[in-house]
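Fold and geometry: a report
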Amino acid sequence: MSDTPIPTFTACVFAPDDIVEVRRLPSRRSTWHRASELADTTATLKRDNEAGNHIYFGANPRGHDGGTSSDDVSVARCLFADFDGVTVDEVRSRIESAGLPAPTLTLNSGHGVHTYWRLTEPMTDLAAWTGFQKDLIAVVGSDPAIHDPARIMRLPGFVNHKEPLADSYIVDADPSRAYELADLRERIPPRKQNAEKARAVEPASVTSSVVDVIARAAAFARKWPPVSEGGDGTTGRNSAAYYHAAQLTHDFGLTDAEAWPILSAWNRANDPPLDDSELRECFTKGRKYGDHAVGCKADCPPPQSKGGAPPTDCIPEDPGPPWLTIPEIGKLPAYRDGFKAISSGYAALDGVLKGGFRAGFVHILGGRTGSSKSTLVTNIVRRVALDGHPTLLFKLEEHVAEAVMRLHAAAAQVPLTALLDADTASYRDELVDGWNLIRTLPLRISDARDIGAIQRISRKHVAEGGKFIAIDQLSMIDVPDAEIGYPRATLASGALRRLARDLNVPVLLVCQINRGASKGKERLSANDLRDSGALENDAATVLLVDRVRKPDHEWSGAEPSRYLEVLVTKARYGPTTAPGKPVELLWFPRVCRVEDVAPVGVEAGHAN
């Protein structure tokens with residue numbers, strides 16, 4: 001294996017100014033580099049690889065730093081194919097038999113072969129590119145899943161950690177081999193669109209139209225029982241989704257576009273539904289590993305539900321998820337570094353949380369309307385940033401300018417109304433001092449609401465050194481195609497739980513309380529969270545601003561104050577608060593400031 005294969009690799013696949021995403025798995029950490037500078041990262045990538053990470057790259061250039069999805073891809077410079085479990089000679093034989101020219105780049109992935117054909121002009125119509133990729137797959141018999149614009153592929157020059165360990169290296173490369181799209185089209189004919197032929201069923205045996213087969217598959221799917229998290233003792237949600245995907249794509253011979261809406265409709269009845277990324281993974285595996293004859297169920301009547309596991313008469317064996325051995329887990333950054341806690345900035349709260357908010361987990365902060373939970377999270381964010389931890393705040397309930405006004409008022413200890421009304425003359429010196437403090441904070445604020453955008457921005461934040469993320473609030477997050485209420489909250493909560501784990505940072509999530517359920521209750525509990533269910537399960541800690549009460553006396557010389565009584569109703573790595581013994585924090589409403597309660601006889605501190 002060459003010590004420096006990257007310059008040859010980039011010359012074949014990218015233009016010098018292209019932005020290349022490099023992703024490590026299983027850590028899921030991504031960084032972005034100009035293609036001309038990618039070789040400079042070799043030493044760092046080798047250390048990540050030696051620590052147990054696979055090293056992948058975005059096969060199509062990203063349009064900007066932080067891009068990870070198909071929406072972030074603007075051009076495709078290559079066609080490429082992934083051949084699993086075959087030799088280089090076998091791949092060359094397939095390519096020659098198909099009448100294709102020699103690839104620009106051929107690499108051994110360690111357990112297969114990857115080939116790339118560089119285009120003389122990049123494709124900007126990515127839908128057309130996806131169709132071309134599918135045509136190529138049909139011609140050479142490569143992995144059928146390799147056609148999405150955001151696809152990641154293995155970077156040569158590093159160890160493939162799948163057993164047995166193997167090197168990934170360049171077999172053949174010639175950057176001068178670039179091909180006109182029209183020339184490749186002559187050799188790669190479009191897939192046959194005739195549905196019967198596409199299903200590889202003899203014409204004489206076909207008795208249903210495409211529409212009839214889709215309707216029959218949908219009727220069949222309506223008999224599938226919904227599955228609860230953890231399953232019923234025979235199958236769980238992921239396994240059932242895998243089985244059903246195999247049935248739709250193999251037994252009924254449906255295309256991806258035909259099968260996906262049917263599987264999604266079944267998933268929505270699950271308790272709770274799988275989120276989109278998990279369902280998509282099950283779908284891909286079911287399509288890839290299903291081993292029954294295509295179309296074998298096209299003319300079968302829908303089965304009767306037996307109330308248990310999904311029908312198994314045409315179900316392939318589940319290959320199961322991949323696993324890691326204990327030594328492999330011991331090499332993971334999370335195991336070496338642990339799940340370190342970041343202080344909330346409040347000694348009383350950190351005492352219960354055993355140091356603060358642990359990295360890799362979601363921490364929920366809930367409260368009744370008007371209980372100042374947004375003020376509290378803003379103060380936590382300010383204090384975390386003051387401690388030097390780069391912080392990202394998603395402020396979804398109010399204008400970002402108002403969020404900064406609250407930070408400014410708290411830092412300067414002036415009434416918020418002075419900033420809201422732009423009546424600042426009376427507090428000029430205090431506001432200047434406060435502004436000089438907050439403008440230097442390592443704090444970023446976003447008003448992005450779409451869950452995909454939140455994920456992308458968060459990954460970019462962490463890639464640039466971010467250590468803490470706060471989101472105010474859950475109910476304002478948009479999840480495409482999810483109904484408002486429990487389904488949307490469940491999908492968003494699950495996505496954020498995985499985001500916290502993948503990025504290994506704390507995610508502090510503000511949630512609302514169910515007014516009806518909590519009405520008249522003396523004390524709140526975790527199940528009072530609006531759309532409760534998955535929320536408590538996904539969170540490592542649940543904090544609730546239970547009540548606001550007046551102190552026995554006002555602090556001498558200070559703004560009018562209140563006590564915030566905070567309950568810790570769930571703590572995976574620490575105690576919960578005892579009934580009637582909440583954590584108390586001192587709240588100064590006019591200046592949007594929250595502080596630790598000073599010891600008896602000591603006035604409240606005013607440290608910024």
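This text goes with the structure placed above it.
Small disclaimer: the values here were computed from a predicted structure and weren't measured.

Its place among the elements puts D546 in strand 19 (residues 539-549). A sequence separation of 173 residues divides D546 from K373, and the C-alpha atoms of the two residues are 10.0 Å apart. Non-local contacts of D546, meaning those with residues more than four positions away in its chain, are made with R368, E522, R523, L524, E565 and L567. Among the polar contacts listed, one links the side chain of D546 to the backbone nitrogen of L524, at a separation of 2.9 Å.

Here we take up the pattern of salt bridges. The final tally for this structure, using the stated rule, is 30 salt bridges. A salt bridge links R77 to D18, with the nearest nitrogen and oxygen atoms 2.5 Å apart. Within this pair, whereas R77 is found in strand 4 (residues 76-84), its partner D18 is found in the loop between helix 1 (6-13) and strand 1 (19-25), the two being separated by 59 residues in sequence. R92 is the salt-bridge partner of D89, the closest N and O atoms lying 4.0 Å from each other. Of the two residues, D89 and R92 both sit in helix 3 (residues 88-97), three residues apart, roughly one turn of that helix. D89 gets classed as exposed once you look at its relative accessible area, which sits at 57%. R92 sits in the partly exposed class, given a relative accessible area of 39%. Linked by salt bridges that have partners in common, R368, R523, D546, R547, R549, E565 and E584 make up one network.

Side chains of nonpolar character tend, in soluble globular proteins, to be buried together. V13 and F57 are the most contacted members of the largest nonpolar core, which totals 44 residues. Broken down by secondary-structure element, the contributors of at least two residues to this core are helix 1, strand 1, strand 3 (54-58), strand 4, helix 3, strand 5 (105-108), strand 6 (112-123) and helix 4 (126-140). Ranked by residues supplied to this core, first place goes to strand 4 with six residues. With residues up to four places along the chain from it excluded, the contact list for V13 reads F57, A59, R77, C78, L105, Y116 and R118. Among the nonpolar cores identified, the runner-up in size contains 35 residues, and L396, A448, I469 and I477 belong to it.

Once that is clear, we can look at the packing of helix 14 (residues 373-386) against helix 15 (residues 400-412). Interhelical geometry of helix 14 versus helix 15 gives an angle of 70 degrees and a closest axis separation of 10 Å. Looking at the two axes, helix 14 sits roughly perpendicular to helix 15. Relative to helix 15, the crossing made by helix 14 is right-handed. Contact with helix 14, carried on its side by T375, T378, N379 and R382, involves R406, L407 and A410 of helix 15 and no other residues of that element. Class assignment for the residues of the contact of helix 14 with helix 15 results in two nonpolar, three polar and two charged.

Moving on, we get to the sheet that holds strand 3. Across a sheet, strands are paired by hydrogen bonds formed along the backbone, either parallel or antiparallel in direction. One open sheet accounts for four strands, arranged 2-1-3-7; its pairing is antiparallel. In this open sheet, the two edge strands, each paired with only one partner strand, are strand 2 (30-34) and strand 7 (152-154). Strand-to-strand twist across the sheet, computed as the mean angle between neighbouring axes with direction ignored, equals 35 degrees. Across three bridges, the pairing between strand 3 and strand 7 is antiparallel. The residue of strand 7 that forms the bridge with Y56 is R154. Most of the contacts of helix 2 (residues 42-50) go to strand 3, to which it runs at about 130 degrees, and overall it touches strand 1 and strand 3.

So, how was this worked out
- Residues numbered from 1 in each chain as written.
- Predicted model: local features only at pLDDT ≥ 70, side-chain atom pairs only at ≥ 80, totals over all residues.
- Heavy atoms only, no water.
- Helix = DSSP H or I, 4+ residues; strand = E, 2+ residues; numbered from the N terminus.
- Contact = heavy atoms within 4.5 Å.
- Polar contact = N/O pair within 3.5 Å; in protein donor to acceptor, adjacent residues only side chain to side chain.
- Salt bridge = Lys/Arg side-chain N within 4 Å of Asp/Glu carboxyl O.
- Buried < 20%, exposed > 50% of the residue type's maximum accessible area, 1.4 Å probe, protein only.
- Core = buried A, V, L, I, M, F, W, Y, C linked by side-chain atoms within 4.5 Å.
- Axes fitted to C-alpha atoms, helices over the stretch in contact; angles between N-to-C directions.
- Parallel < 35°, antiparallel > 145°, perpendicular 65-115°, else oblique.
- Left-handed = near helix turned anticlockwise from the far one by under 90°.
- Nonpolar A, V, L, I, M, F, W, Y, C, P; charged D, E, K, R; others polar.
- Pairing = 2+ DSSP bridges.

Scope: geometric values only; no functional claims are made or implied.
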